[in-house]
Amino acid sequence: MPISRIAVGRPEEATHPEALKAALAEFISTLIFVFAGQGSGMAFSKLTGGGPTTPAGLVVASLAHGLGLFVAVAVGANISGGHVNPAVTFGAFVGGNITLLRGILYWIAQLLGSTVACLLLRFATGGLSTGVFGLSSGVNVWNAFVFEIVMTFGLVYTVYATALDPKKGSLGTIAPIAIGFIVGANILAGGAFDGASMNPAVSFGPALVSWSWTHHWVYWAGPLIGGGLAGLIYEFVFISHSHEQLPSADY
């Protein structure tokens, strides 16, 4: 059962070279992802004169984030697992796939990676503002809260099915593609309502650099709840550590 496998970890884990390497990989992967995603939004805004969000802008955001996450997960997979998202790390923790101390290291690295990416973008663009996540007209915080829970649930469920499930087989080789695809699809579904973050680190960097925290809690609470639910459900229902596997002829 996943609850029995949840572990805090040993104190020395926080300074172990392998854990620090994994944290550095998370920092770099998150920087790559946020730089591509935020940069695409800033470039589109510059090219269109800073106009409001358009269908074309939503497609651009979906492509940039989907492709950027595909690369970010792929380059970090063999070192840290390629979480690139505090909600994914939390989902892995509640499922007993990562210790609390290592998870905290990942969180710090992910938040720093996002912040540094936004600072680099601001410097490289001559001071242009990064896009802060916010609610669209007619969307209240509870609408956005539900959107973030459902979208992040889908993301972390995909991570479990393609990357964390010990029975994943050849699916593990396409995990980064599947993870990038679900994020791109979710942006098309929810981007016009609340920006479709699904990732507290992606929301944190722009908010910190721009010092804009309106409704910021939604982009933490929603993804963490969605990610945690996905981790618990997949572990309890689909990753059984006690049942006998059916013979291949019975599938």
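Now for a quick tour of the structure. The structure displayed is predicted, hence computed values, not measured ones. (Residues numbered from 1 in each chain as written. Predicted model: local features only at pLDDT ≥ 70, side-chain atom pairs only at ≥ 80, totals over all residues. Heavy atoms only, no water.)

### Some remarks on the environment of glycine 103
Then step 1. Relative to the helices and strands, glycine 103 resides in helix H5 (residues 100-124).
Then step 2. Sequence separation between glycine 103 and serine 136 is 33 residues; the distance between their C-alpha atoms is 32 Å.
Then step 3. Glycine 103 has contacts with Thr89 and Ile98, leaving out every residue within four places of it along the chain. (Helix = DSSP H or I, 4+ residues; strand = E, 2+ residues; numbered from the N terminus. Contact = heavy atoms within 4.5 Å.)

### So, the nonpolar core
The nonpolar side chains of a soluble globular protein tend to be buried with one another.
Then step 1. Membership of the largest hydrophobic core comes to 33 residues, with the highest contact counts inside it found for Phe33, Leu69, Ile179 and Met198.
Then step 2. If you tally residues by element for this core, the top one is helix H6 (residues 141-164), at seven residues.
Then step 3. Non-local contacts of methionine 198, meaning those with residues more than four positions away in its chain, are made with Asn85, Ala87, Glu148, Met151, Thr152, Leu155, Val183, Asn186, Ile187 and Pro223. (Core = buried A, V, L, I, M, F, W, Y, C linked by side-chain atoms within 4.5 Å. Buried < 20%, exposed > 50% of the residue type's maximum accessible area, 1.4 Å probe, protein only.)

### Points about the pattern of salt bridges
Then step 1. Per the stated rule, a full pass over the model turns up two salt bridges.
Then step 2. In this structure, the salt-bridge partner of lysine 21 is glutamate 18, at a minimum N-O distance of 3.8 Å. With lysine 21 and glutamate 18 both in helix H2 (residues 17-47) and three residues apart, this pair spans about one turn of that helix.
Then step 3. Looking at glutamate 18, the relative accessible area reads 44%, which means it is partly exposed.
Then step 4. Between lysine 167 and aspartate 165 there is a salt bridge, with its nearest N and O atoms 3.5 Å apart. (Salt bridge = Lys/Arg side-chain N within 4 Å of Asp/Glu carboxyl O.)

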